[in-house]
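Structural description and commentary
Take a look at the letters that make up each chain.
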Amino acid sequence: MRIIISGGGTGGHIFPALAIANAIKARHPEAEILFVGAKGRMEMEKVPAAGYTIKGLPIAGLQRQITLHNILLNLLLPFKVLASRCKVRSILRSFKPDVVVGVGGFASQPTLSVAARMGYITLLQEQNSYAGLANKTLARNAARICVAYPDMERFFPADKIVFTGNPVRQDIENLGVDRAQGCSHFGLDPERPVILVVGGSLGARSINCMMLDGLGLFPQSQVQVIWQTGRLMQQQAREAVASAHVEQWVKVHPFISRMDMAYAAADLVISRAGAIAISELTLVAKPVILVPSPNVAEDHQTKNAKALESRGAALLVPDAKCHDEALPQALALVKDPERCASMKQAISKMAVKQAANLIVDQIEQLIKK
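These notes cover the structure that comes with them.

Conventions and cut-offs
- Residues numbered from 1 in each chain as written.
- Predicted model: local features only at pLDDT ≥ 70, side-chain atom pairs only at ≥ 80, totals over all residues.
- Heavy atoms only, no water.
- Helix = DSSP H or I, 4+ residues; strand = E, 2+ residues; numbered from the N terminus.
- Rg over C-alpha atoms; globule rule 2.2 N^0.38 Å.
- Buried < 20%, exposed > 50% of the residue type's maximum accessible area, 1.4 Å probe, protein only.
- Areas by Shrake-Rupley, 256 points an atom, 1.4 Å probe, with all protein chains shown as cover.
- Lys, Arg positive; Asp, Glu negative; His and termini not counted.
- Charge placed at Lys NZ, Arg CZ, Asp CG, Glu CD.
- Expected span 1.5 Å × (residues − 1).
- Arc of directions from axis to C-beta.
- Contact = heavy atoms within 4.5 Å.
- Pairing = 2+ DSSP bridges.
- Axes fitted to C-alpha atoms, helices over the stretch in contact; angles between N-to-C directions.
- Salt bridge = Lys/Arg side-chain N within 4 Å of Asp/Glu carboxyl O.
- Core = buried A, V, L, I, M, F, W, Y, C linked by side-chain atoms within 4.5 Å.
- Patch = residues over 30% accessible without salt bridge, like charges linked within 9 Å, V, L, I, M, F, W, Y side chains within 5 Å.

Attention shifts here to the overall build of the protein chain. The number of helices and strands found in the protein chain is 16 helices and 13 strands. Relative to the globule expectation of 21 Å for 369 residues, the C-alpha radius of gyration of the protein chain, 21 Å, shows essentially globular dimensions. Expressed as lengths along the three principal axes of its C-alpha atoms, the size of the protein chain is roughly 60 × 45 × 35 Å. Considering the protein chain as a whole, with its 369 residues, one finds that 54% of them fall into the buried category. Summing over all exposed atoms, the protein chain offers an accessible surface of approximately 16,300 Å²; the carbon and sulfur share of this is 52%. Taken together, the 41 basic and 30 acidic charged side chains of the protein chain have centroids lying 9 Å from each other.

The following block contains the structure:
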């Protein structure tokens with residue numbers, strides 16, 4: 001079995017890709033798996049660290065903010081697309097995959113479009129409740145489209161859709177640590193409430209700014225925090241925490257590699273509304289305040305969050321109101337056990353287990369055909 005998995009850019013694309021690869025290897029140890037990502041992006045570090053080979057494409061996304069630098073980058077984009085497509089052809093001719101899997105991100109579009117044109121079988125994994133333009137285009141030639149939300153016939157041919165849920169990291173799907181272990185890992189007091197604050201693998205500016213201005217609230221409320229800042233704001237966050245003398249209450253991490261420990265410790269989560277974050281939260285059944293990113297295609301994070309809010313499984317705070325509303329709501333909710341229990345029950349009903357294995361089932365079926 002020879003499989004190419006393409007995509008990345010953020011943890012929301014990389015972690016599902018790795019979960020699929022691990023599920024393939026668990027079932028077929030002899031399988032050869034090659035990742036195709038974008039040069040300079042997170043996958044070029046995370047994929048080799050997980051033990052897989054990756055090829056990088058010189059692809060980039062369209063820069064939407066109008067600056068001279070971004071205009072120049074956009075002028076170069078057609079040349080990057082052309083160079084990426086040429087490299088994909090070379091990779092495909094050399095590797096000769098049985099199936100090419102796309103998980104979203106810059107590299108996914110040129111890889112799957114060229115693969116389909118060359119006659120290779122392609123499978124899409126759509127993580128969100130609202131499909132982006134790239135996947136809607138790639139769906140025309142895809143053999144299977146694995147989705148995580150119902151009613152995706154709005155975007156894709158119904159006969160190609162298979163409901164699998166979103167694949168997540170195995171240590172989170174089968175949470176093998178308890179709250180005491182999680183608190184010990186982060187140096188927290190298990191007798192006090194814990195809020196986990198995450199803005200995605202790259203961080204979120206609005207959530208980070210909310211935290212910077214609200215550090216004094218935590219000792220007042222006797223609430224502890226695990227704060228994932230992202231790489232760009234880690235130094236500013238560490239200095240602010242030290243200056244406010246709240247090191248006992250707020251634990252700063254640029255990136256949390258042991259998310260199983262973080263989820264185990266947390267009584268409540270403040271998070272972006274990326275599809276994989278939501279899938280993880282349904283599996284670990286944590287009350288959550290979702291702050292959708294406004295900087296995503298088709299505003300799909302708001303649609304993801306509303307899918308939970310409508311079922312009583314989450315609170316939604318718009319990004320523009322995050323600074324003033326998210327922390328007060330979180331501090332009130334974490335001390336309301338009845339409401340937290342109700343939200344836990346509601347969010348757990350949305351969990352889909354063994355998603356990676358369901359996707360591997362589809363890959364096997366396509367190969368047998």
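Before going further, it helps to spend a moment on helix α15 (residues 337-348). For α15, which comprises 12 residues, the first-to-last C-alpha distance of 16 Å matches the rise-based estimate of 16 Å (1.5 Å per residue) to within 8%. Among all positions in α15, only Cys-340, Met-343, Ala-346 and Ile-347 are buried. All buried residues of α15 project into a common sector of 125 degrees when viewed along the axis, lining one side. Exposed residues lying more than 90 degrees from the buried face of α15 are Pro-337, Glu-338 and Gln-345. Packed against the buried residues of α15 are α12 (275-284), β12 (288-290), α13 (300-309), β13 (315-316) and α14 (322-333).

Turning our attention to the sheet that holds strand β10 (residues 250-253). Across the sheet, which stays open at both edges, the 6 strands sit in the order β10-β9-β8-β11-β12-β13 with parallel pairing between neighbours. What marks the edges here is a single partner per strand, and that holds for β10 and β13. Taken together, the 3 bridges between strand β11 (residues 268-271) and β12 define a ladder with parallel strand orientation. Bridged to Ile-270 within β12 is Ile-289. Where helix α8 (residues 205-213) meets the sheet, it contacts β8 (194-198), β9 (224-228), β10 and β11, and its direction lies at approximately 145 degrees from that of β9.

A word on the pattern of salt bridges. Applying the stated rule across the entire model yields 8 salt bridges. Put simply, Arg-2 and Glu-32 hold a salt bridge, and the shortest N to O gap is 3.0 Å. In this pair, Arg-2 is assigned in strand β1 (residues 2-6) and Glu-32 in strand β2 (residues 32-38), connecting sequence segments 30 residues apart. For Glu-32, a relative accessible area of 40% gives the class partly exposed. With a shortest N-O distance of 2.8 Å, Arg-258 and Asp-260 are connected by a salt bridge.

It is worth spelling out the nonpolar core at this point. If you look at the biggest cluster of nonpolar residues, it comprises 62 residues, and the most contacted ones within it are Ile-4, Leu-92, Met-152, Phe-156, Leu-196, Ile-226 and Leu-290. Not counting the four nearest positions on each side in its chain, Ile-4 is found in contact with Leu-34, Val-36, Ile-91, Leu-92, Phe-95, Pro-97, Val-99, Val-100, Val-101 and Thr-111. Met-210, Leu-212, Val-223 and Leu-315 belong to the second-largest nonpolar core, a separate cluster that totals 34 residues.

The element α13 is extensively covered by neighbouring structure, given that 7 of its 10 residues are classed as buried. Residues His-300, Gln-301, Thr-302, Asn-304, Ala-305, Ala-307 and Leu-308 constitute the buried set of α13.

Where nonpolar side chains cluster on the molecular surface, the patch consists of Ile-66, Leu-68, Ile-71, Leu-72 and Leu-75 and spans about 570 Å² of accessible area. Classification of Leu-68 as exposed rests on a relative accessible area of 67%.

Here we take up the sheet that holds strand β5 (residues 121-126). With respect to topology, 7 strands assemble into an open sheet ordered β3-β2-β1-β4-β5-β6-β7, the strand pairing being parallel. Single-partner strands in this sheet number two, and they are β3 (53-57) and β7 (161-163). Each adjacent strand pair in this sheet contributes to an overall mean axis angle of 25 degrees, direction not counted. Judged from the 5 bridges that link them, β1 and β2 form a sheet pairing that is parallel. Residue pairing in the sheet places Arg-2 in a bridge with Glu-32 of β2. Contacts between helix α1 (residues 11-27) and the sheet are confined to β1, β2 and β5, with β2 contributing the most and set at about 170 degrees to the helix.

As a further point, take the environment of Ala-262. Mapped onto the fold, Ala-262 is located in helix α11 (residues 259-265). According to the relative accessible area criterion, Ala-262 is buried, its value standing at 0%. In this structure, the C-alpha to C-alpha distance between Ala-262 and Gly-61, residues 201 residues apart in sequence, is 32 Å. Filtering out sequence-adjacent residues up to four positions away, Ala-262 remains in contact with Phe-186, Leu-196, Ile-226 and Ile-256.

A few words now on the pairing of β8. β8 sits mainly inside the fold: 5 of its 5 residues count as buried. Of the two faces of β8, the one holding Val-194, Leu-196 and Val-198 and the one holding Ile-195 and Val-197 are both buried throughout. Alignment of β8 against β9, held across 5 bridges, turns out to be parallel. Paired with Val-194 across the strands is Gln-224, a residue of β9. Examined bridge by bridge, β8 and β11 share 4 bridges and lie parallel to one another. Pairing of Ile-195 across the sheet is with Leu-268, part of β11.

What is shown is where atoms sit, not what they do.
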